[in-house]
Every structure is written in structure tokens, then in C-alpha cells.
Amino acid sequence: MQLLTLDFEVDYSLIGIHSTEEDYRLAYLLNQQLKTKFKRFKTDLDFENSNAVFPIFEFIDEKNFINYYLINNKYTENVENNESTGLFGGNFSTATYLIQEKKRVDFFLKIEGCNATKFIQSKVDQLNSINQIITSYSIDPNNLKTKDYLIF
């Protein structure tokens, strides 16, 4: 029996952002620098078999038909461990990543509606001019194993 697989064509661009800022603060900084109006998306990105939730901020540029999404890549959960005492007892935290192969990336900026290389590079340059952003760069979504997690 032959197995039929579907491979969706990626129709968005992706920028990885390294920053220690909180997601709402980064959205504010992007609004200042990129002249956008990011707002918290109505629902967070979550998965059935996981407690992890990933906040999303959205800006829809109706004039240019471009959608921007700022997505947090890391979810940290604090776990209370009252059973064990001693050296390894007590509370601890666990981290879950939206895109496992990009654990060092703190945020993703997903851009739908424009895949032009010059446009994406100009956004990367604008992002890198923000003092609170350590670095940002373009990521090819086709090279990601879990790129389906960015389809919502």
C-alpha cells in the first residue's frame, strides 16, 4: 500500500529574534521602530498534549496586505516539587520550545504576504537597530522540521 503525504508550500517569511525582553515589551518596541500596531492575538498557540502556551501578537497591514505575527518561542513552567528533600528537592522550572531546532531563538516574526528578500532584509536591519534586540536574522522555514507549528 502506498502512503500519500501532503507537503504544504510555505508562503511566509520568518525572522528569528534574540532578546531578553518580555513579549509585550518587545511588541511595544516593534511598534515604535517598525511603525506597526501589534496587539495580543485573541488566542495563544497551544497544543493538545502539552501544557505549554505560546503568546502571539498580531498586526495586519491592510494597506499593503501584509500580516505580521510576533511569536514567543519559549514557554517556562514552574514546577513545585514537595516530595523530595535534600540537595535536589524543591521547586524547579522546565522549558518547552515551539520550534525545537531553534532553541536559542527567543521570538519569531512571521510575515505573510511578502517574501521579497529586500523587504525582509530591511525588516531585519530595522530590528537590529533596536537596542534591546541582541540580533535578528532571516530563517528559511523550509529547513525547519516543525514548520507546521507556525501555521495557524
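The coordinates are above.
Residues numbered from 1 in each chain as written. Predicted model: local features only at pLDDT ≥ 70, side-chain atom pairs only at ≥ 80, totals over all residues. Heavy atoms only, no water.

**Some details on the pattern of salt bridges**
For the record, the criterion: Salt bridges are defined by distance alone: a side-chain nitrogen of Lys or Arg within 4 Å of a carboxyl oxygen of Asp or Glu. In this scheme, a residue with accessible area under 20% of its type's maximum is buried, one over 50% is exposed, and one in between is partly exposed, where area comes from a 1.4 Å probe on protein chains only.
For the structure on display, the rule yields 3 salt bridges. A salt bridge links Asp44 to Arg40; its shortest N-O distance comes to 2.9 Å. Residue classification places Arg40 among the partly exposed positions, given a relative accessible area of 46%. Ionic pairing is found between Lys110 and Glu112, a salt bridge with its closest N-O pair at 3.1 Å. Judged by relative accessible area, which is 1%, Lys110 ranks as buried.

**A closer look at the nonpolar core**
Filter applied, for reference: Put simply, buried Ala, Val, Leu, Ile, Met, Phe, Trp, Tyr and Cys residues joined by side-chain atoms within 4.5 Å make one nonpolar core. Numbering goes from the N terminus for both helices and strands, where a helix is a DSSP run of H or I of at least four residues and a strand is a run of E of at least two. Throughout, a contact is declared for two residues whenever any of their heavy atoms are within 4.5 Å.
Within the largest apolar cluster, 22 residues are counted, with the highest numbers of intra-cluster contacts made by Ile15, Ile17, Leu30, Phe38, Leu70, Leu109 and Leu127. Looking at this core, the elements with two or more residues in it are β1 (12–19), α1 (23–34), β5 (56–61), β6 (66–72), β9 (107–112) and α2 (117–128). The element that contributes the greatest number of residues to this core is α1, accounting for 5 residues. The residues contacting Leu70, other than those within four sequence positions of it, are Ile17, Asp23, Leu26, Ala27, Leu30, Phe38, Pro55, Ile56, Phe57, Phe107, Phe108 and Leu109. Core analysis: the second largest hydrophobic core is formed by 17 residues, Tyr12, Phe41, Tyr75 and Phe108 among them.

**Focus on the side chain of Ser136**
Put simply, the test is: Under this definition, polar contacts are N or O atom pairs within 3.5 Å; protein pairs additionally need one hydrogen-donor-capable and one acceptor-capable atom, and for neighbouring residues in sequence, both atoms have to be side-chain atoms.
Among the secondary structure elements, Ser136 is positioned in strand β10 (residues 133–139). Taking relative accessible area as the criterion, Ser136 reaches 4% and is therefore assigned buried. Among the polar contacts listed, one links the side chain of Ser136 to the backbone oxygen of Val124, at a separation of 3.4 Å. Not counting chain neighbours up to four residues away, the residues in contact with Ser136 comprise Ile15, Gly16, Ile17, Val124, Leu127 and Asn128.

**Here we look at the packing of α1 against α2**
Put simply, the rule is: To define axes, lines are fitted to C-alpha atoms, for helices over the stretch in contact only, and angles between the resulting N-to-C directions are given on a 0 to 180 degree scale. Helix crossings are classified by the rotation of the near helix relative to the far one: an anticlockwise turn of less than a right angle makes the crossing left-handed, while a clockwise turn makes it right-handed. Residues are grouped as follows: Ala, Val, Leu, Ile, Met, Phe, Trp, Tyr, Cys and Pro are nonpolar; Asp, Glu, Lys and Arg are charged; every other residue, Gly included, is polar.
Contact geometry for α1 and α2: axes closest at 10 Å, N-to-C directions at 115°. Considering only the axes of α1 and α2, their crossing is right-handed. Facing α1, whose interface residues are Leu30, Gln33 and Leu34, α2 presents Lys123, Gln126 and Leu127. Of the residues belonging to the contact of α1 with α2, the class tally is 3 nonpolar, 2 polar and 1 charged.

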